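# A structural walkthrough
Residues per chain, in single letters:
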Amino acid sequence: MEKPNTVTCTAPVNIAVIKYWGKRNEELILPINSSLSVTLHQDQLKTTTTVATSRSFQEDRIWLNGKEEDITHPRLQSCLREIRRLARKRSKDGDRASDSMRLSHKVHICSVNDFPTAAGLASSAAGFACLVYTLAQVFGVEGELSEIARQGSGSACRSMYGGFVQWIMGEEDNGKDSLAQQVAPETHWPELRVLVLVASAERKPVGSTSGMQTSVQTSRLLKHRAESVVPGRMEEMIEAVQRKDFAAFADLTMKDSNQFHATCLDTYPPIFYLNSVSQQVINLVHRYNRHYKETRLAYTFDAGPNAVIYTLQQHVPEFVQTVQHFFPPETNGGEFVKGLPIEQVALSEELRQAIGLEPLPKGISYVISTKVGPGPCVLEDPTQHLLGSDGWPKKTL
Ligand code: DP6
């Protein structure tokens, strides 16, 4: 048997500070407003994907987190079709002959997330970004790939870049101008830190795809938001990032998260993503900021109850201590914080009283501490392939 051509890549999670919610075209995944996100560091959270092509493969196949999934899923098909289209175009334009051979070959795809589904992080963003990036490597396709990742999952287009990334909504009906673009690289604001507060497992909330569909159909607030609020906010947010103005960045982030959840409530029937733990986090953050007479923390929530906190490095130890106090964990805090190490500090009586909330035991199961990170990358070490030299998933998965 001929040895498969195999490539493995990783891609990051991103967390929006100006939210994407609502499509104007379901199939091409074109949004009703632009959005902006921060790419999280892959040392803490990432998807790894291996793609192999071989003449001996009978059909396209995909394994996600150790389980074979349906390759005929329309969004997977869109990504595969678009990459093959670009590859065909490239080989017609006279590039390497070996590429054109490979074009007719079937693919085996194997992908794993290194973060628990319970963390409620949009795994589809990192997943589709990684799929598209890896397929492009295998088929020798270069250039603008965010347009293809977008067709897997809207937010995935923003995971194609590191640092601070905007998804420009575009105007064309064919989606050619609906692309992600880096606003600032991951080195731009080294003090910025991100804490994911994982709320204890709840029932599965309404998925983003169907949730935003109902919002577009029923919420007039969403229409107002997309037309009259987000355009101005995008400009202000880009400026805040460029100036590294934390207070401006944080205020916009919180207001935008709140407005997104207000549009969910304005959806009919309403959608509730925030729970009592989320509300306690929101109160805690505002009381903390008020105590210091300065915006030191920002929260944001996606389609679930987990909070993502943005802050600056110097405030992390005290804030984590505050979280531990107001959400006393099950264990003695041993495994409460994962990711970047955090210095232990004492919580002042003054701050505790200023916050003055009733502790919610076990409300948060753990915290992932991370920072801004780079976009997708290729893993050169062949021992990291998820598919064996025969092109089938390794047994250890
Ligand atoms: C609340 O990208 O998951 O996280 O395009 O239907 O796949 P589809 O939706 P998805 O929606 C993400 C929504 C959000 C906000 C955001 O990331 O901007």
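Note that this is a predicted model, so its numbers are computed, not measured.

## Some details on the pattern of salt bridges
What the rule picks out here adds up to 17 salt bridges. Where Glu82 meets Arg81, a salt bridge forms, and the shortest distance between an N and an O atom there is 3.4 Å. Residue Arg81 is classed as partly exposed on the basis of its relative accessible area of 44%. Salt-bridge contacts for Glu335 lead to Lys338; the nearest nitrogen and oxygen are separated by 3.2 Å. Taken together, the shared-partner salt bridges connect Arg81, Glu82 and Arg85 into one network.

## Quick look at the nonpolar core
Core analysis: the biggest nonpolar cluster contains 64 residues, and Leu197, Phe249, Ile309 and Tyr310 have the highest contact counts within it. Tallying contributions element by element places strand 12 (residues 192-199) first for this core, with seven residues. In terms of nonpolar packing, the next biggest core, distinct from the first, is built from 30 residues, Leu103, Ile109, Val132 and Leu145 among them.

## Focus: unusual backbone geometry
The residue after Tyr268, namely Pro269, is reached through a cis peptide bond having omega -5 degrees. Position of Pro269 relative to the elements: it lies in the loop between helix 7 (246-266) and helix 8 (276-292). Even without a glycine there, the phi angle at Ile29 is positive, about 55 degrees. Along the chain, the position of Ile29 falls in the loop between strand 3 (23-25) and strand 4 (30-31). By relative accessible area, Ile29 is classed as buried at 1%. The phi torsion at Lys244 lies on the positive side, around 55 degrees, for a residue other than glycine. Residue position: Lys244 is located in the loop between helix 6 (220-243) and helix 7.

## Details of the pairing of strand 10 (residues 164-168)
Counting buried residues in strand 10 gives four out of five residues, a clear majority hidden from the surface. Where strand 5 (residues 35-39) lies against strand 10, four bridges are found, and the strand directions are antiparallel. If you follow Ser37 over to strand 10, its bridge partner there is Val165. Note: strand 10 against strand 11 (residues 179-184), five bridges, orientation antiparallel. The residue of strand 11 that forms the bridge with Val165 is Gln182.

## Some thoughts on helix 3 (residues 123-138)
When the terminal C-alpha atoms of helix 3 are compared, their 22 Å separation across 16 residues agrees well with the 22 Å that a helix rising 1.5 Å per residue should span. Within helix 3, 13 of the 16 residues are buried, which leaves the element mostly enclosed by the surrounding structure. Within two residues after helix 3, Gly140 carries a phi angle of roughly 65 degrees, on the positive side.

## A look at the sheet that holds strand 1 (residues 5-11)
Taken in spatial order, the six strands line up as 8-7-9-6-1-17 in an open sheet, and their pairing is mixed. In this open sheet, the two strands that pair with only one neighbour each are strand 8 (67-69) and strand 17 (377-379). Taken pair by pair, the neighbouring strands of this sheet meet at an average axis angle of 25 degrees, ignoring direction. Note that strand 1 and strand 17 share three bridges and pair antiparallel. Residue pairing across strands places Cys9 opposite Val378, the latter belonging to strand 17. Packed on one face of the sheet, helix 3 meets strand 1, strand 6 (47-54), strand 9 (106-113) and strand 17 and runs near 145 degrees to strand 1.

## Focus: the packing of aromatic side chains
To describe a pair of aromatic rings, one takes the distance between the centres and the angle between the planes. Counted by the stated rule, this structure contains 13 aromatic pairs. Both rings, one in Phe246 and one in Phe249, keep their centres 6.1 Å apart while their planes meet at 45 degrees; by these two values the pair is tilted. Of this pair, Phe246 and Phe249 are both found in helix 7, three residues apart, which corresponds to roughly one turn of the helix. Residue classification places Phe246 among the buried positions, given a relative accessible area of 7%. Judged by relative accessible area, which is 0%, Phe249 ranks as buried. Judged by centre distance (5.4 Å) and plane angle (85 degrees), the rings of Phe249 and Tyr310 are edge-to-face. Placement of the pair is Phe249 in helix 7 and Tyr310 in strand 14 (residues 307-312), with a sequence separation of 61 residues. One aromatic cluster is present, formed by Phe164, Trp189, Phe246, Phe249 and Tyr310 through successive ring pairs. In this arrangement the basic side chain of Arg296 is found over the ring face of Tyr292, its NZ or CZ atom lying 3.8 Å from the centre.

Calculation criteria
Residues numbered from 1 in each chain as written. Predicted model: local features only at pLDDT ≥ 70, side-chain atom pairs only at ≥ 80, totals over all residues. Heavy atoms only, no water. Salt bridge = Lys/Arg side-chain N within 4 Å of Asp/Glu carboxyl O. Buried < 20%, exposed > 50% of the residue type's maximum accessible area, 1.4 Å probe, protein only. Core = buried A, V, L, I, M, F, W, Y, C linked by side-chain atoms within 4.5 Å. Helix = DSSP H or I, 4+ residues; strand = E, 2+ residues; numbered from the N terminus. Pairing = 2+ DSSP bridges. Expected span 1.5 Å × (residues − 1). Axes fitted to C-alpha atoms, helices over the stretch in contact; angles between N-to-C directions. Contact = heavy atoms within 4.5 Å. Phe/Tyr/Trp six-rings, centres within 6.5 Å; stacked < 30°, edge-to-face > 60°. Lys NZ or Arg CZ within 6 Å of the ring centre and 35° of its normal.

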